[in-house]
Structures are given as C-alpha cells and as structure tokens.
Amino acid sequence: MSLEPYAEMYQRLVRGDALIGILPLAEVRQAVTNLWDLATHTDDAGTWLLLGRYYVVHRHPQGAFDGTGVDVPAAPAWPRAVATDVPEDDPFGVAVRCFAHAAGKGSLDAAILLARCARETDAATRATARALLSPFPDSGGTLTYERAVLAYWDGDLGTSIALHTEAAQAGHIDAMFELYCLYAKGEGVEADEAKAQRWLERAADGGHGRAVYNVGAAYASGRGVERDAAKAITYYERAANLGNARAAAMLGYMFLVGEGAEASPERASEWFDDAEAMGFDVEDFCSSLGIEDPRT
C-alpha cells in the first residue's frame, strides 16, 4: 500500500481543508485507521513517521484536525518502549512513541521530530531523544543544535551554551540566533551586548528571518549600534521578503511618516497590504502607534 495518498492528506490537514469542510471527516478517520493497520503489519519507519505527524497535527491543530472528532485509538503493544510521562492515550504521547520507533528503525526525520516533541515533555523523554539522535551523522550543526535545545530544557545551561556554540560555528543559523538571545539576556552566560550583536548579525547574514528583523530594529532604535533609519529599512525589507509580517508593518510605518526614506502613503499602503496578507493585524498596529492607516 502506497503512503502517497496519506502524505497528501496530511498536507491538506495542515492547510486546514478539514476545518473548512472540503476534506470529509470520514476520510480523515479512515486514513488514520488505515495508517495504523499499515504501520502494525509492515513495521515500516516511514509509516510510523507519517502516523506520528498526524498525531502532532491532532495535538496542535492549526486548522487541521480541529473539530474533526478523530479519536485516539487504543494504544497498541508498542514495538519500542519509550521512557516518558506522556500518557499513551494522549495524541502527543502517540506521536512521541511513533517517532521513537521510526527513529530506532533509521529515520533521521523521526529522530529530529522526537527531539522537538521532547523539549516540553520530561527528562526521560529528552534522554530517549538524545540517545536516538546519536547514531546519525551531523550536518551543518543540525543535530548538535537539537541536543543544545534539549540541554536547555533540562536546565543544563552550561552544556546548552557549549552545544549552541558548536552548532553555530558549524553554520546553524537558529543556534546563532539563540546565542544572541542568551548573551543579550545573560542566561547561562555573563550578559555581553557586543557578543550578542555579533551572533545576531551572523544569523542575519545567514538569512534567519527574526535575526534580520532584529538587526533592522536595532538600527531603527539605535540599540547596540548607531541609529540609522535607512539601514533599518534595508533590513526590514529583507526580513519582510523572508516572511516576517512585523517587518512589513514597520516598513509601512516608516514610509508613512517618512523615516529613513521619503514619505510615501502609496508605498506604506503596499507594505501594510503585505503585512496583512501574512496575518498581521495592521489596524491594531496603527492604533497602537497613534497613526491612521493610509488605506482608509
């Protein structure tokens, strides 16, 4: 039996097709039942991985399983024991066990998803996640970064800082951005604004959307750097093009009031349109700043 139809349905769930009624709920329930049968009979890593993804979407609906009435089936005799406090009859607990089994059968994607699920569970689950990451070769600091985050959630800040640094030096931009946060707040290390700024700029240079936005905000406010509204616009444009809705809203504001560029209600309106298309509440933003939306 091919997994392709079930993978396609998963993407439809993520898009919210079940929520708006164009994906029948009976089909969703049948797909979950079929995946259980397939996973149980083939013991295939890819099937367990996909089944786990369904249950993560069940736990964090995002317009996916929300309101579908899909029940968590009775937990089977799990092929891989997982030390975890997450109940077996909880959708999240099902996902954790599916990912653990798929990772043990050689799925790197499942090992990474398990590590991400384990962040907010318990120490035993995080230990399982670390153990299942260890056989895989690292690439670009990806697995080192996952271990760094697990150490952070364990409260082992010294190890977390060391692993974040190792991952960042290997080129992992999320690790760079989090080092910026840690040095800026002085969490696990002595606060160091200059070092925080260097990691922020490295993450921005690597294309990290939030980092690019934060560099723009630094230039806009003069925090840690010399204030330069024109540079702020340059970084905000990069961040907006990477999908950062707040950056698009800030560009709308700056073009509206003529900060860092010639005032242009037309360009402001275009950026506000972009921010709104990305889900940003432009009306509330304008109200909070005491400005009038030029589109009205």
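One can find the structure itself at the top, above this paragraph.
Remember, it's a predicted structure, so these values are computed and weren't measured experimentally. (Residues numbered from 1 in each chain as written. Predicted model: local features only at pLDDT ≥ 70, side-chain atom pairs only at ≥ 80, totals over all residues. Heavy atoms only, no water.)

### What about the pattern of salt bridges?
For side chains of opposite charge, pairing can occur when their charged atoms come near one another. Within this structure, the stated rule accounts for 13 salt bridges. For Glu187, the salt bridge goes to Lys185, with nearest N and O atoms at 3.3 Å. Classification of Lys185 as exposed rests on a relative accessible area of 58%. (Salt bridge = Lys/Arg side-chain N within 4 Å of Asp/Glu carboxyl O. Buried < 20%, exposed > 50% of the residue type's maximum accessible area, 1.4 Å probe, protein only.)

### Some remarks on unusual backbone geometry
The backbone phi angle of Asp43 is positive, close to 55°, even though this residue is not glycine. With respect to the secondary-structure elements, Asp43 resides in the loop between α2 (25-42) and α3 (45-59). (Helix = DSSP H or I, 4+ residues; strand = E, 2+ residues; numbered from the N terminus.)

### Side note on helix α13 (residues 245-257)
Between the first and last C-alpha of α13 there are 19 Å, a value that for 13 residues agrees with the 18 Å anticipated at 1.5 Å per step. If you check which residues of α13 are buried, you get Ala245, Ala247, Ala248, Ala249, Met250, Leu251, Gly252, Met254 and Phe255. Looking at the buried side of α13, the elements it contacts are α11 (209-221), α12 (229-241), α14 (265-277) and α15 (282-289). At the N-terminal end of α13, a side-chain oxygen is found 3.2 Å from the backbone nitrogen of Arg246, two or three residues along, and the residue is Asn244. (Expected span 1.5 Å × (residues − 1). Contact = heavy atoms within 4.5 Å. Polar contact = N/O pair within 3.5 Å; in protein donor to acceptor, adjacent residues only side chain to side chain.)

### Concerning the nonpolar core
Ranked by internal contacts, the top residues of the largest apolar core, which has 50 residues, are Trp199, Tyr236, Leu251 and Phe280. Among the elements that make up this core, the one with the highest residue count is α13 (eight residues). In contact with Phe280, not counting residues within four places along its chain, are Ala245, Arg246, Ala249, Ala275 and Phe285. Formed by 46 residues, the second largest nonpolar core is a distinct cluster that contains Val32, Ala45, Tyr54 and Leu132. (Core = buried A, V, L, I, M, F, W, Y, C linked by side-chain atoms within 4.5 Å.)

### With respect to a nonpolar patch on the surface
Residues Leu19, Ile20 and Ile22 make up a contiguous nonpolar surface patch of about 310 Å² in total accessible area. With respect to the helices and strands, the residue Ile20 is situated in the loop between α1 (4-15) and α2. (Patch = residues over 30% accessible without salt bridge, like charges linked within 9 Å, V, L, I, M, F, W, Y side chains within 5 Å. Areas by Shrake-Rupley, 256 points an atom, 1.4 Å probe, with all protein chains shown as cover.)

### With respect to the environment of Arg97
Along the chain, Arg97 falls in helix α4 (residues 91-104). Residue Arg97 is classed as buried on the basis of its relative accessible area of 6%. Along the sequence, Arg97 and Trp48 sit 49 residues apart, while their C-alpha atoms lie 8.9 Å from each other. In this structure Arg97 touches Trp78, Val82, Thr84, Val86, Pro87 and Glu88, once residues within four positions along its chain are discounted.

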